[in-house]
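The lines below spell out each chain.
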Amino acid sequence: MSKELTRSPIYQDIKLEKAEHHDVHHSLSHSIFVIMTCTIAMVVNTANVSSVSISLPTIERDLNVKEEQLQWLVSAYSLGSGCLLLFFGGLADIYGRKRAFMIGTLCQVVFSLGGGFAQNGSTLIILRAFQGIGAAATIPSSLGILAHAFPPSRMRSIAFATFAAGAPIGGAFGMIIGGVLTQMSSTHWRSSFYLVAGMSALTGISGMFSFDADVTSTEAVDWIGASLVTVGLVLIIFVLGQGQVASQGWKTPYIITLLIVGIVIVSLFLLWERYLEQVIDDPSRAPSPWTPPPLMKLSLWTRAKGRMAVILAIAFLNSCAFVSWTFWVQLYYQNYLFLTPMQTMLRFIPMSIVGCLCSVLVAMFVGKLPLVIFAVSGTLLTAFAPILFAVIDPTATYWAFGFTSTVLIAFGVDFVYSAGMIFIAKIALPHERSVAGALFQTMTQLGTAVGLAVSTIVFNIVVRNESADIGVAVNSAGTNAPLSAQLKGYRSAQWTCASFALMATLLATISLHGVGIVGDRKVLRKVDSDETINMQFESKDAHC
């Protein structure tokens, strides 16, 4: 090995972390327990969104929530989680992933119970945001726990494929349980919150006994960076959710002001992180408590010749499409076709079945096929799902459009998320895996907020214009919009979802063709695991 390579920052970081990673040995039963605990955490995370989505019409009637504010019952969760993922990811890497996971599940339990007792829409929206904070702690911690527990091997591929399958499975599970409980239980939509609280409690108990003890660090926390990115993202995501319903729409003064301030603060965060990274990489500078290690190294985005940034952008665009598709499909079923929550739930059952099948397929082939195959096929399948609803014939049978669309979206999302997380776990250094996972999840949460905001704008504009063309002035709640205008709005929203996924397809096709295989077919030699992988990426970058 060359002297230049052994002196590199990446090599030194790996050397410090090497003992932590390779001392981990689990029995098969213990490994399965760890994988299932992390996967259930992901199921709870996505079920928190879908179970509320299917209950929106019932919540709207029960709590007298205006239709334009319904989006916030979904977006508030993304606001709470998306803004704090990086912060909790950094804390997990420093103070312990198990500890962060337990704190996250506790938040989920407490605020899910609170949501079940909410008596008005505003209270429920606030509690939804605090629920999201719990997810911000559990999801990046789970990613770090899995990467630490399983060295590069086929078992790691299985672990991450199963974990990623928790997203579509959780989405379907939330729809199914939310629909059943909303219609059949005495407490209606509140039962979904009670169920999430119970599942979170069980997940926390399981993690307490199955996860390894934390390996903490003495590094200082980048509190300045954490504050900047949290405040900046809060403002941006708030504006994305509030801009359309503000008094003057996007022209409202406080919307414009908050958006500008949010962008400026995020820009300051990036400049601060770049400065800290330069300080850390400069051996001539003495350590100082004012210059801790950066919360997120900007060089992380340039790993693997910039493919890390590409994967994050694809995750963002694919999430814009997937979550918005889910939101508009369930509204179409209930508000246009007038199906009950139970009937709507039944139409999402294929998603959970396909999610399980996808985890098997990804685990089988991620060590044989290049990343570009999963990324391109996944984003294309994600695009075809909303296209089917964009051209749907409302009088056609469910099997013609709805079933096919549900199957395609499950395949698409799982292909992208599974392969993307395996890739990130492979190129991230051992001590930054929770941060890298948090960055991936931050992009998906931002995608949720952006996708819902943009598609809602499109839906509202189309419904208002179509209604005006036939002489109907739509009221503030949108309850008097003609069905023909609503159908046009739903179709336009789905075309918007498809456009996000197609942009991801184009990006994957152009930028990922040279990545190669990211999964592992067998366990690598002890000395050739994380060290060799990172050396390979650095060596490739050095020759480009």
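Residues numbered from 1 in each chain as written. Predicted model: local features only at pLDDT ≥ 70, side-chain atom pairs only at ≥ 80, totals over all residues. Heavy atoms only, no water.

A. Quick look at the overall build of the protein chain. Scanning the protein chain from terminus to terminus reveals 20 helices and zero strands. Here the protein chain has roughly 21100 Å² of accessible surface; of this, 69% comes from carbon and sulfur atoms. (Helix = DSSP H or I, 4+ residues; strand = E, 2+ residues; numbered from the N terminus. Areas by Shrake-Rupley, 256 points an atom, 1.4 Å probe, with all protein chains shown as cover.)

B. Here's a closer look at the pattern of salt bridges. For the structure on display, the rule yields two salt bridges. Across the salt bridge formed by Arg97 and Asp93, the nearest N and O atoms sit 2.8 Å from each other. Both residues of the pair, Arg97 and Asp93, belong to the buried class. (Salt bridge = Lys/Arg side-chain N within 4 Å of Asp/Glu carboxyl O. Buried < 20%, exposed > 50% of the residue type's maximum accessible area, 1.4 Å probe, protein only.)

C. Here's a closer look at a nonpolar patch on the surface. There is a patch of nonpolar side chains on the surface, built from Ile256, Ile260, Val264, Leu268 and Leu271 and spanning about 460 Å² of accessible area. Counting through the fold element by element, Ile260 comes out in helix α12 (residues 253–281). (Patch = residues over 30% accessible without salt bridge, like charges linked within 9 Å, V, L, I, M, F, W, Y side chains within 5 Å.)

D. Representation of the side chain of Ser206 in the model. As for its placement among the helices and strands, Ser206 is situated in helix α10 (residues 190–210). Filtering out sequence-adjacent residues up to four positions away, Ser206 remains in contact with Phe33 and Thr37. (Contact = heavy atoms within 4.5 Å.)

E. Region of interest: unusual backbone geometry. Even without being a glycine, Ala304 presents a positive backbone phi close to 55°. By the element assignment, Ala304 lies in the loop between α12 and α13 (307–336). Residue classification places Ala304 among the buried positions, given a relative accessible area of 5%. Here the phi dihedral of Phe338 falls at roughly 60°; this positive angle occurs in a residue that is not glycine.

F. View of the confidence of the model for the protein chain. Per-chain confidence: the protein chain averages 82 in pLDDT, with 88% of residues scoring 70 or above. The element-level mean pLDDT for the protein chain is lowest in helix α1 (residues 3–6), coming to 38, with helix α19 (residues 483–511) highest at 94. Counting contacts from residues 1–23, a segment whose pLDDT is below 50, to residues more than four positions away or on other chains yields 41 contacts. Contacts for the low-pLDDT stretch residues 523–544, under 50 throughout, to residues beyond four places or in other chains number 42 contacts. (pLDDT = per-residue confidence, 0-100.)

G. A look at the packing of helix α3 (residues 28–54) against helix α9 (residues 154–184). Between α3 and α9, whose axes approach to 6 Å, the crossing angle comes to 35°. Of the two elements, α3 crosses α9, and the hand of that crossing is right-handed. Classifying every residue of the contact of α3 with α9 gives 14 nonpolar, 13 polar and no charged. (Axes fitted to C-alpha atoms, helices over the stretch in contact; angles between N-to-C directions. Left-handed = near helix turned anticlockwise from the far one by under 90°. Nonpolar A, V, L, I, M, F, W, Y, C, P; charged D, E, K, R; others polar.)

H. Seen up close, the packing of helix α16 (residues 371–390) against α19. Contact pair α16 / α19: the axes reach a minimum separation of 8 Å and the direction vectors enclose 165°. Comparing their axes, α19 and α16 come out roughly antiparallel. Judged by the sense of rotation from one axis to the other, the crossing of α16 with α19 is left-handed. Across the interface between the two elements, Val372, Ala375, Val376, Thr379, Leu380, Thr382, Ala383, Pro386, Ile387, Phe389 and Ala390 from α16 touch Arg491, Gln494, Trp495, Cys497, Ala498, Ala501, Leu502, Ala504, Thr505, Ala508 and Thr509 from α19. Partitioned by chemical class, the residues of the contact of α16 with α19 number 16 nonpolar, five polar and one charged. (Parallel < 35°, antiparallel > 145°, perpendicular 65-115°, else oblique.)

I. View of the packing of aromatic side chains. Under the defined criterion, the tally for this structure stands at 26 aromatic pairs. Ring geometry for Phe327 and Trp328: centres 4.9 Å apart, planes at 90°, overall edge-to-face. Pair check on accessibility: Phe327 and Trp328 agree, each one buried. With a centroid separation of 5.1 Å and an interplanar angle of 40°, the aromatic rings of Phe459 and Tyr490 are classed as tilted. Note that Phe459 is positioned in helix α18 (residues 433–469) and Tyr490 in helix α19, a separation of 31 residues in sequence. Three or more aromatic residues joined by ring pairs make a cluster, and in this case those are Trp325, Phe327, Trp328, Tyr332, Tyr333, Tyr336, Phe348, Phe389, Phe459 and Tyr490. Positioned above the aromatic ring of Tyr333 is the side chain of Arg347, whose terminal nitrogen or guanidinium carbon lies 5.8 Å from the ring centre. (Phe/Tyr/Trp six-rings, centres within 6.5 Å; stacked < 30°, edge-to-face > 60°. Lys NZ or Arg CZ within 6 Å of the ring centre and 35° of its normal.)

J. The nonpolar core, seen in detail. Of all hydrophobic cores here, the largest spans 153 residues; its most connected members are Leu146, Phe423 and Leu512. Sorting elements by how many residues they give to this core places α13 first, with 19 residues. Leave out the neighbours within four places in its chain, and Leu512 touches Arg307, Val310, Ile311, Ile314, Leu371, Val372, Ala375 and Leu507. If you look at the next biggest cluster of nonpolar residues, it comprises six residues, including Ala165, Ile169, Val196 and Met199. (Core = buried A, V, L, I, M, F, W, Y, C linked by side-chain atoms within 4.5 Å.)

K. Structural view of the environment of Leu507. As for its placement among the helices and strands, Leu507 is situated in helix α19. Judged by its relative accessible area of 25%, Leu507 falls in the partly exposed class. For the pair Leu507 and Ala375, spaced 132 residues apart in sequence, the C-alpha separation works out to 9.4 Å. Those residues within four positions of Leu507 in sequence are excluded, and the remaining contacts are Val310, Ala313, Ile314 and Leu512.

L. Region of interest: α16. Over its 20 residues, α16 extends 29 Å from the first C-alpha to the last, a length consistent with the 28 Å expected when each residue adds 1.5 Å. Of all 20 residues in α16, 14 are buried; the element is thus mostly enclosed. (Expected span 1.5 Å × (residues − 1).)

M. Structural view of the side chain of Arg128. With respect to the helices, strands and loops of the structure, Arg128 is situated in helix α8 (residues 121–149). Asp62 provides the closest opposite charge to the buried, salt-bridge-free Arg128, at an N-O distance of 14 Å. Non-local contacts of Arg128, meaning those with residues more than four positions away in its chain, are made with Asn48, Val49, Val52, Leu73, Val74, Ala76, Tyr77 and Phe193. (Lys, Arg positive; Asp, Glu negative; His and termini not counted.)

N. How the structure looks around the state of the cysteines. Going through the model one piece at a time under the given rule, you end up with zero disulfides. Left unpaired, Cys320 is separated from the closest cysteine sulfur, that of Cys497, by 9.0 Å. Given a relative accessible area of 0%, Cys320 falls into the buried group. (Disulfide = S-S within 2.5 Å.)

O. Quick look at the environment of Gln108. Within the fold, Gln108 resides in helix α7 (residues 97–116). Between the C-alpha atom of Gln108 and that of Ala135, which follows or precedes it by 27 residues, the distance is 7.3 Å. With residues near it in sequence (within four places) discarded, Gln108 still touches Asn48, Tyr77, Gln131, Gly134, Ala135 and Ser200.

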